[in-house]
Amino acid sequence: NFSAEVMTNFPNNEYLVENAVKLISSISSSSRYQGMPQLACCVAPVIAAVTKYGNSNTVRVEGNHALWGLGCDPRNRIAIFADPNGVKALESSIYVVSAERTLI
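Every chain is numbered on its own, with residues counted from 1 as its sequence reads. Local features in this predicted model are restricted to residues whose pLDDT is 70 or higher, and side-chain atom pairs enter the listing and the counts only when it is 80 or higher, whereas totals over whole chains, interfaces and linings include all residues. Excluding hydrogens and water, the side-chain values take into account all heavy atoms of the structure.

(A) Region of the structure containing the overall build of the protein. For helices the rule is a DSSP run of H or I covering at least 4 residues; for strands it is a run of E covering at least 2, with both sets numbered from the N terminus onward. Tallying secondary structure elements over the protein gives six helices and zero strands in all. Radius of gyration: C-alpha atoms only; globule rule: 2.2 Å multiplied by the number of residues to the exponent 0.38. At 12 Å, the protein has a C-alpha radius of gyration in line with the 13 Å of a compact globule built from 104 residues. In terms of overall dimensions, the protein has a C-alpha envelope of 35 × 30 × 25 Å along the principal axes. The rule is simple: take the accessible area with a 1.4 Å probe, protein chains only, and divide by the maximum for that residue type; under 20% is buried, over 50% is exposed, in between is partly exposed. Across the 104 residues in the protein, those meeting the buried criterion constitute 38%. Contacts were defined at the residue level, with two residues in contact if any of their heavy atoms lie within 4.5 Å. Within the protein, contacts between residues separated by at least 24 positions form 67% of all contacts whose residues are at least 6 apart in sequence. When the accessible area of the protein is evaluated, it comes to approximately 5,900 Å², of which 58% is carbon and sulfur surface. With 8 positive and 8 negative side-chain charges, the protein shows a spacing of 3 Å between the two charge centroids. All accessible-area figures derive from a Shrake-Rupley calculation using a 1.4 Å probe, and residue coverage is judged against the displayed protein chains alone. The charged-residue count follows a simple rule in which Lys and Arg add positive charge and Asp and Glu add negative charge, with His and chain termini not counted at all. For the purpose of locating charges, the reference atoms are NZ of Lys, CZ of Arg, CG of Asp and CD of Glu.

(B) Summary view of the nonpolar core. The set of buried Ala, Val, Leu, Ile, Met, Phe, Trp, Tyr and Cys residues whose side-chain atoms join them within 4.5 Å is what this entry labels a nonpolar core. Judged by nonpolar contacts, the single largest core of 21 residues is most densely connected at M7, V17, I24, V46, A49, L67 and L70. Elements with a contribution of two residues or more to this core: α1 (2-9), α2 (14-29), α3 (43-52), α4 (57-70) and α6 (86-103). For this core, the element with the most residues is α3, which contributes five residues. Here M7 is in contact with V17, A20, V21, I24, P45, V46 and A49, once residues within four sequence places are set aside.

(C) Local environment of the pattern of salt bridges. When a carboxyl oxygen of Asp or Glu is within 4 Å of a side-chain nitrogen of Lys or Arg, the pair counts as a salt bridge. Across all of its chains, the model carries two salt bridges by this definition. For E18, the salt bridge is made with K22, and the minimal N-O distance between the two is 4.0 Å. Of this pair, E18 and K22 both sit in helix α2, separated by four residues, roughly a single helical turn. When the shortest N-O distance is used, the salt bridge between D73 and R75 registers 3.5 Å. A relative accessible area of 5% places D73 in the buried class. By relative accessible area, R75 is classed as exposed at 55%.

(D) View of the packing of α1 against α3. Across the interface, α1 lies against α3 with an axial gap of 9 Å and an inter-helix angle of 45 degrees. Accordingly, the angle class assigned to the pair α1 and α3 is oblique. Note on packing geometry: the crossing formed by α1 with α3 is left-handed. Counting all contacts with α1, which are made through A4, M7 and T8, the residues of α3 involved are P45, V46 and A49. Here the nonpolar group is Ala, Val, Leu, Ile, Met, Phe, Trp, Tyr, Cys and Pro; Asp, Glu, Lys and Arg are the charged ones; every other residue, Gly included, is treated as polar. Residue composition of the contact of α1 with α3, grouped by class: five nonpolar, one polar and no charged. Only the stretch in contact is used when fitting a helix axis, every axis being a line fitted to C-alpha atoms; angles between N-to-C directions are given from 0 to 180 degrees. Angle categories are assigned with fixed cut-offs, so that under 35 degrees is roughly parallel, over 145 is roughly antiparallel, 65 to 115 is roughly perpendicular, and the rest are oblique. Take the far helix as your reference; a near helix turned counterclockwise from it by less than a right angle gives a left-handed crossing, and one turned clockwise gives a right-handed crossing.

This is the structure:
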């Protein structure tokens, strides 16, 4: 996946990482692609992005949506919870997502 490669190769470029997370969020949230094991390569880069750029609400919200979308596949869900920062990424993003939902 191109977005996972961008996040892996340019982890210090917040703009690229943010847009890659948005793309993965859109793809993984699409009902057409939910549960696809081919997206497993995106799990670790999304978790890394959410934990590294936790100060960016966009990365946290889109990262949360991406992780939930990726988690539709059981193998990806296992990878999320097996990652030492997987639960931390979900926890840090849940507050921003819930705050966004109350504003709408």
